[in-house]
Amino acid sequence: MSSAPTAYERYRPWRHWAEAGFVGALLLSNVVGNSLTTWIELNRGGPTAVAPWEPAVWETSSALVWAVLIPAIAWLTRRWPTHWDNWRRRLPLHLAASAAVCIVHVAGMIGLRVLAYRWQGMDYGFGPWPRELLYEYLKDVRSYASIVVIVEVYRLLLRRLQGEASFLATPDDAPPADAAERPDRFLVRKLGREFLVAANDIEWLQAAGNYVNLRVRGHDYPLRSTISGIETRLDPGRFLRIHRSYIVNLDRLASIEPLDTGDARVHLHDGTVLPASRRYRGDLRERLGDA
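Residues numbered from 1 in each chain as written. Predicted model: local features only at pLDDT ≥ 70, side-chain atom pairs only at ≥ 80, totals over all residues. Heavy atoms only, no water.

By the naming in an unreviewed UniProt entry, the chain goes by LytTR family DNA-binding domain-containing protein and is assigned to Luteimonas kalidii.

(A) Representation of the pattern of salt bridges in the model. Under the counting rule described, the total for this entry stands at 16 salt bridges. For Glu136, the salt bridge is made with Lys139, and the minimal N-O distance between the two is 3.7 Å. Of this pair, Glu136 and Lys139 both sit in helix H5 (residues 129-162), separated by three residues, roughly a single helical turn. Taking the shortest distance from any N to any O, the salt bridge between Asp184 and Arg185 comes out at 3.9 Å. Relative accessible area serves as the criterion here: at 54%, Asp184 is assigned to the exposed category. One continuous salt-bridge network, built from bridges that share partners, spans Arg12, Arg215 and Asp220. (Salt bridge = Lys/Arg side-chain N within 4 Å of Asp/Glu carboxyl O. Helix = DSSP H or I, 4+ residues; strand = E, 2+ residues; numbered from the N terminus. Buried < 20%, exposed > 50% of the residue type's maximum accessible area, 1.4 Å probe, protein only.)

(B) Examining the UniProt feature "transmembrane region" (unreviewed entry) in the chain more closely. Mapped onto the present numbering, the UniProt feature "transmembrane region" (unreviewed entry) falls on residues 20-40, 60-81 and 93-116. Spanning residues 20-40, this segment combines 100% helix with 0% strand, and its end C-alpha atoms are found 30 Å apart. (UniProt positions renumbered as here; feature names shortened; annotations may be inferred.)

(C) Representation of the confidence of the model for the chain within the structure. With 93% of its residues at a pLDDT of 70 or more, the chain has an overall mean of 88. The element-level mean pLDDT for the chain is lowest in helix H6 (residues 177-180), coming to 44, with helix H4 (residues 87-119) highest at 96. Scored below 50 in pLDDT, residues 171-180 makes three contacts in the model with residues more than four places away or belonging to other chains. (pLDDT = per-residue confidence, 0-100. Contact = heavy atoms within 4.5 Å.)

(D) Representation of the side chain of Ser62 within the structure. For Ser62, the position within the fold is in helix H3 (residues 53-79). Not counting residues within four places of it along the chain, the set of residues in contact with Ser62 comprises His105, Met109 and Arg113.

(E) The nonpolar core, seen in detail. Counting residues in each nonpolar core, the largest one holds 24 residues, and the members touching the most others are Trp66, Ile73, Val101, Val106, Tyr144 and Ile147. Of all elements in the fold, only helix H2 (15-42), H3, H4 and H5 reach the threshold of two or more residues within this core. Ranked by size, the runner-up nonpolar core spans 17 residues in total, among them Phe186, Val212, Leu214 and Phe239. (Core = buried A, V, L, I, M, F, W, Y, C linked by side-chain atoms within 4.5 Å.)

(F) Just the packing of aromatic side chains, in detail. Applying the stated rule across the entire model yields seven aromatic pairs. One Lys or Arg, Arg233, reaches over the ring of Phe167 and ends 3.9 Å from the middle of that ring. (Phe/Tyr/Trp six-rings, centres within 6.5 Å; stacked < 30°, edge-to-face > 60°. Lys NZ or Arg CZ within 6 Å of the ring centre and 35° of its normal.)

(G) Summary view of a nonpolar patch on the surface. Taken together, the side chains of Leu28, Val32, Leu36 and Ile40 define a hydrophobic patch exposed on the protein surface, amounting to about 390 Å² of accessible area. Along the chain, Val32 turns up in helix H2. Of the residues examined, Val32 reaches a relative accessible area of 44% and is grouped as partly exposed. (Patch = residues over 30% accessible without salt bridge, like charges linked within 9 Å, V, L, I, M, F, W, Y side chains within 5 Å. Areas by Shrake-Rupley, 256 points an atom, 1.4 Å probe, with all protein chains shown as cover.)

In structure tokens:
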């Protein structure tokens, strides 16, 4: 629970560069490798009418379209994450998405190939559409599945590196339901270790897709929940919703800065500034007035 930067926090400023570099290196290696193996395969029986630049155009056009599609697939998995316990429910979504990805991929790479061939004074022929589209889909659905698996495993590793929070299991001798549903501690798993975080130590919470980040002593721990779901389980005497994406611990609040728009900024004792929307500003004033 040290305030020193963790490995995840040191990696975070470089995260987008590392991800883009990985995708770029992967696509480039596929272009080079597939272009060479295709050219070798076409010339096994002797010289062919295929020019050396053609396999490179085929692979490069495909890679350029994938460079656009991969961020879209990553967004899809962030919006509708797939886990071991929900993959069956997500399967129809991914089958439909893989078909859409294939159509975009094929249309995009054919367009690029047509332009490249025209630049060389030649015509590009894709072949019979039904057969070739089925052939491309059988390849693309495997690529799509691989991308989804890689993205989800990568995010799982990041959560393990960052430290993922969860609710403690309810013991057999738990108090009545209302009290048991309001946790006073959360379990955090981080790199094979487990430790407890007191609910009162949470400084603020922020919605992040299908997770809520718990801010504790300068570190964020994602909890798989919605912001509304966790709001109902926190002590209303200590925590208050101030924005559709934020809940704050009132003990950490230093001041409120009203804005001309009717919204406000909430300043915490550690210098953190959080947004407070006009929808929740009245509740914030009332609670502070009662304090």
